[in-house]
Amino acid sequence: MKTWVYIDHFKGEVQVASWEALGLGKSLGAVTAIVLGSGVDAVAKAAFEYGADEVIVVDDASLADYRAEPFASTFSALASSSTPDLILLPTTARTRELSAMCAVDLNSGVLTDVSALSVDGDKVTVTRPIYEGKVLEKTVCNAKPQFVTLRGRAFPKPAQEAGRTGAVTKAEAKADVKSSVEGYSATEAAVNIGDAAVIVSGGRGVSNNPSLGDEKAAAEKGFALLGELAGLLGGAVGASRAAVDGGFITYAHQVGQTGKVVAPDLYIACGISGAIQHLVGMRNAKLIVAINKDAEAPIFKQARFGVVGDLFAVVPALTVALRKRLGK
Amino acid sequence: MKIIACIKQVPDSEAKVKAENGQVTWGDAPLVINPFDEYAVEGALQQKEANGGTVTALCIGPETAREALKHALAMGADEAILVSDPALNDIDSVGAARVLAAAINKIGGADMVMFGRQTLDNGAGVTPPQTARVLGWPMLGWVGQIKVDAGSVQVERVLEEGRQTVKANLPAVLSIVQSIGEPRYPSFMGIRKASKAAIPVWSVAELGVSVPAAVVTRVEISNPPTAETVCEIIAGETPEAIAETLADKILAEKVL
Ligand SMILES: Cc1cc2nc3c(=O)[nH]c(=O)nc-3n(C[C@H](O)[C@H](O)[C@H](O)COP(=O)(O)OP(=O)(O)OC[C@H]3O[C@@H](n4cnc5c(N)ncnc54)[C@H](O)[C@@H]3O)c2cc1C
Ligand SMILES: Nc1ncnc2c1ncn2[C@@H]1O[C@H](COP(=O)(O)O)[C@@H](O)[C@H]1O
């Protein structure tokens, strides 16, 4: 089976799930990594260190800013001349688009957000959660190349082997410009809750502390407390939709049906009631801890450990207690 | 300005969906417009208000999907079209994109076609870029803000890495996210109008395309393993005492 792995990155910063895809690819045999962008030598180098046997690089100024069309046309051209059987990608907003378009170009199909994969001869069967994870489906793609985007953290990340190298093949970009990037707002720091091993998440409760002033002021302090705990644990801050709608934190942090589906090792839900639309986004976390004032909150039905109490008191105390134990 | 909003009907997110005898079932839970597609309709209506024009809601689905289209009409869409054909029961997303593109062409094209980000049932998020590809139009995904100006559109894309401003010529395909604003509730007048609206049903033959063969096929469905979690409530005299116990419990789980 000829397997390719697409290394998804944002301006050179690689989505960790790309390495998970490389690890999975390696378990099936030799792997070619594909890197598209501008000034991406470091990405190609890292791809070897995470296990790629060969790296095809398209380094072109026209690929500096990700846009669906030039990336898709370049990738489709590569795939139609080298005919891989299986193309693995991490699941991101970019790769959903890229693989979807290439599947049209190449008369094939795409299986997104895959949580398990098995190979029998040259037949690939994947498992993907559907209906918000309420049901699992096994599907196959009866054409080649088959595009499979992998759910983040569903497959182990391989160890990085410093200094490991291999042959780089350079290829050409294919021009297909249909839009232009006019700018970027720097107001939002890079957040990728999909990659995080620990998520400390806040809901409307984070804005509920009248002693700190109005809701907005309380939420600012509350999310700072959550950020401290997340920082200590090397994790990220998540949020419920109520917190996002309240303007307390940006949409990129939102967990749930209309936000992001996450599966960290540890999810600490603070001041989140546990509406179904939130639960579908986090119930696959390995360990769920809930901190909520209301003993009846549905979030406790999903949690392994619960604290009935005020997050403004419990979260900082937990940070102190964990810092002591982790020796940081 | 001619705007088309592509919508799908799905079981309500509160529905207890499960696999039973090789079928997906949701009991008597209601079918609703895919929640993400409400943002598409909302975005379309906002653009109609800003620039004038019409909004057409378009859906591929069974007869029952009329109800989802009526929701779009009640929100304020001007017309609705249902593409319904038993031959389309097993199409995959590329097939759906080809059929949607054919329907868009039969409608007479559009300036903008708006999609939801993904469906609740399939959850793939691939139909919008695939439709854009079939049409050969620019794809602007995950859009939270739209500004149209003389034949071009500038959008703000809400991405994990920040907000990206992108410009493209019309016609274009957009997928819309929550930042566009809360979808409006159907008005009383809107509901009345929708209940009386005639919704044309188009078959594949009427679209002048052949039924796309499905490349992606489902071979099995199952229920995820149910892990019965029993919540252990950590109590204590003070928040500090609680935190000490909780910290020990978390570390004992070896997730850090
Ligand atoms: C179509 C659709 C899509 C949706 N998508 C999403 C989604 O993607 N993600 C999502 O999260 N929601 C989503 N929702 C919204 C969801 O239904 C809930 O409204 C939302 O999750 C509630 O957020 P919350 O738990 O923060 O707020 P609330 O339900 O208001 O709960 C706040 C909780 O905080 C507790 N609390 C208050 N003060 C404190 C304190 N000081 N200390 C500790 N606890 C405190 C309260 O006891 C309460 O349980 C969606 C809804 C719809 C209809
Ligand atoms: N059967 C359909 N009819 C009309 N639009 C659809 C249909 N299926 C998907 N879409 C649109 O494509 C988006 C993404 O769907 P999906 O790729 O299935 O996640 C949805 O939010 C809808 O806007």
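Q: Please explain the overall build of chain A as it appears in this structure.
A: When you go through chain A residue by residue, the secondary structure sums to nine helices and 18 strands. Against the 2.2 N^0.38 benchmark of 20 Å for 328 residues, chain A shows a C-alpha radius of gyration of 21 Å, consistent with a compact globule. Dimensions of chain A, computed from C-alpha atoms along their principal axes, come out at roughly 65 × 40 × 40 Å. Here chain A, with 328 residues, has 59% of them falling under the buried criterion. Contacts spanning at least 24 positions in sequence make up 64% of the contacts within chain A whose residues lie at least 6 apart. Accessible surface, chain A: about 11,800 Å² in total, of which carbon and sulfur atoms supply 50%. Both charge centroids of chain A, one from 33 positive and one from 34 negative side chains, sit 6 Å from each other.

Q: Explanation requested: the interface of chain A and chain B in the structure shown.
A: Many descriptions give the size of an interface as the accessible area lost when the pieces come together. Contacts between the two partners involve 89 residues from chain A, matched on the other side by 83 residues from chain B. Between chain A and chain B, roughly 7,300 Å² of surface is buried when both sides are summed, and carbon and sulfur atoms account for 57% of that area. The interface formed by chain A and chain B includes 12 salt bridges. Where Arg133 of chain B meets Asp176 of chain A, a salt bridge forms, and the shortest distance between an N and an O atom there is 3.3 Å. As paired elements, strand 13 (residues 179–185) of chain A and strand 11 (residues 162–169) of chain B share six bridges and run antiparallel to each other. Paired with Ser185 of chain A across the bridge in strand 11 of chain B is Arg163 of chain B.

Q: So what exactly am I meant to see when it comes to the site of ligand 1 here?
A: Lining the immediate environment of ligand 1, one finds 27 residues, of which Arg204, Ser240, Thr258, Ser273 and Asn292 of chain A sit closest. Residues near ligand 1 are shared among chains A and B, making this a multi-chain site. In this structure, an oxygen atom belonging to ligand 1 sits 2.6 Å away from a side-chain N or O atom of Arg204 of chain A. Ser240 of chain A places a side-chain nitrogen or oxygen 2.6 Å from an oxygen atom of ligand 1. For ligand 1, whose unbound accessible area comes to 990 Å², protein coverage reaches 80%. Of all the secondary structure elements, the ones that give two or more residues to the shell around ligand 1 are helix 6 (241–245), helix 7 (276–282) and helix 9 (311–326) of chain A. Residue classes in the shell around ligand 1 are distributed as seven nonpolar, 15 polar and five charged.

Q: Help me out: how do you make sense of the site of ligand 2 in this one?
A: Residues and elements named next belong to chain B. Around ligand 2, 20 residues are found, and the nearest of them are Cys6, Asp37, Thr119, Gly125 and Thr127. Side-chain polar atom of Asn34 to an oxygen atom of ligand 2: 3.4 Å apart, as the coordinates give it. With respect to ligand 2, the backbone of Gly116 contributes an N or O atom lying 2.9 Å from an oxygen atom. For the shell around ligand 2, the elements supplying multiple residues, two or more each, are strand 6 (54–60), strand 8 (112–116) and helix 4 (127–135). Residue composition of the shell around ligand 2, by class: 10 nonpolar, eight polar and two charged.

Q: Explain the domain arrangement of chain A here, please?
A: All names here are of chain A. Here the domain parsing of chain A yields domain 1 (3–170) and domain 2 (193–326). Computed from C-alpha atoms alone, the centre-to-centre distance between domain 1 and domain 2 is 32 Å. Counting residues at the interface gives eight residues for domain 1, matched by 12 residues for domain 2. Overall, the association of domain 1 and domain 2 removes approximately 800 Å² of surface from exposure, summing both partners, and the carbon and sulfur fraction of that is 37%. Broken down residue by residue, the surface that domain 1 buries against domain 2 is led by Glu132, Arg151 and Arg153, which jointly contribute 68%. Along the contact surface separating domain 1 from domain 2 lie one salt bridge. Ionic pairing is found between Arg153 and Asp265, a salt bridge with its closest N-O pair at 2.8 Å. At the surface where domain 1 touches domain 2, the tally comes to five residue pairs in polar contact (both at pLDDT 80 or more).

Q: Just to check I follow, could you spell out the pairing of strand 17 (residues 287–292) of chain A for this structure?
A: On any regular strand, side chains alternate: one points to one face of the sheet, the next to the other face. All names here are of chain A. Buried residues dominate strand 17, accounting for six of its six residues. Side chains Leu287, Val289 and Ile291 project from strand 17 onto one buried face, and the interleaved Ile288, Ala290 and Asn292 project onto a second face that is buried too. Of the pairings in the sheet, the one linking strand 17 to strand 18 (residues 305–308) comprises four bridges and is parallel in character. From the neighbouring strand, Ile291 faces strand 18, where its bridge partner is Val307.

Q: Whenever I open this one, the packing of helix 3 (residues 93–107) of chain B against helix 4 of chain B confuses me. Can you help?
A: Geometrically, a packed helix pair is captured by the angle between its two axes and the distance between the axes. All names here are of chain B. In the contact formed by helix 3 and helix 4, the axes pass within 8 Å of each other and the chain directions differ by 55°. Judged by the inter-axis angle, helix 3 sits oblique to helix 4. Remark: the crossing between helix 3 and helix 4 carries right-handed chirality. Across the interface between the two elements, Ser93, Val94, Ala96, Ala97, Arg98, Leu100, Ala101, Ile104 and Asn105 of helix 3 pack against Thr127, Gln130, Thr131, Val134 and Leu135 of helix 4. Its residues placed into classes, the contact of helix 3 with helix 4 shows eight nonpolar, five polar and one charged.

Conventions and cut-offs
- Residues numbered from 1 in each chain as written.
- Chains lettered and ligands numbered in written order.
- Predicted model: local features only at pLDDT ≥ 70, side-chain atom pairs only at ≥ 80, totals over all residues.
- Heavy atoms only, no water.
- Helix = DSSP H or I, 4+ residues; strand = E, 2+ residues; numbered from the N terminus.
- Rg over C-alpha atoms; globule rule 2.2 N^0.38 Å.
- Buried < 20%, exposed > 50% of the residue type's maximum accessible area, 1.4 Å probe, protein only.
- Contact = heavy atoms within 4.5 Å.
- Areas by Shrake-Rupley, 256 points an atom, 1.4 Å probe, with all protein chains shown as cover.
- Lys, Arg positive; Asp, Glu negative; His and termini not counted.
- Charge placed at Lys NZ, Arg CZ, Asp CG, Glu CD.
- Buried area = accessible area lost by both parts, 1.4 Å probe.
- Salt bridge = Lys/Arg side-chain N within 4 Å of Asp/Glu carboxyl O.
- Pairing = 2+ DSSP bridges.
- Near = heavy atom within 4 Å.
- Polar contact = N/O pair within 3.5 Å; in protein donor to acceptor, adjacent residues only side chain to side chain.
- Nonpolar A, V, L, I, M, F, W, Y, C, P; charged D, E, K, R; others polar.
- Domains from an automatic or database assignment.
- Axes fitted to C-alpha atoms, helices over the stretch in contact; angles between N-to-C directions.
- Parallel < 35°, antiparallel > 145°, perpendicular 65-115°, else oblique.
- Left-handed = near helix turned anticlockwise from the far one by under 90°.

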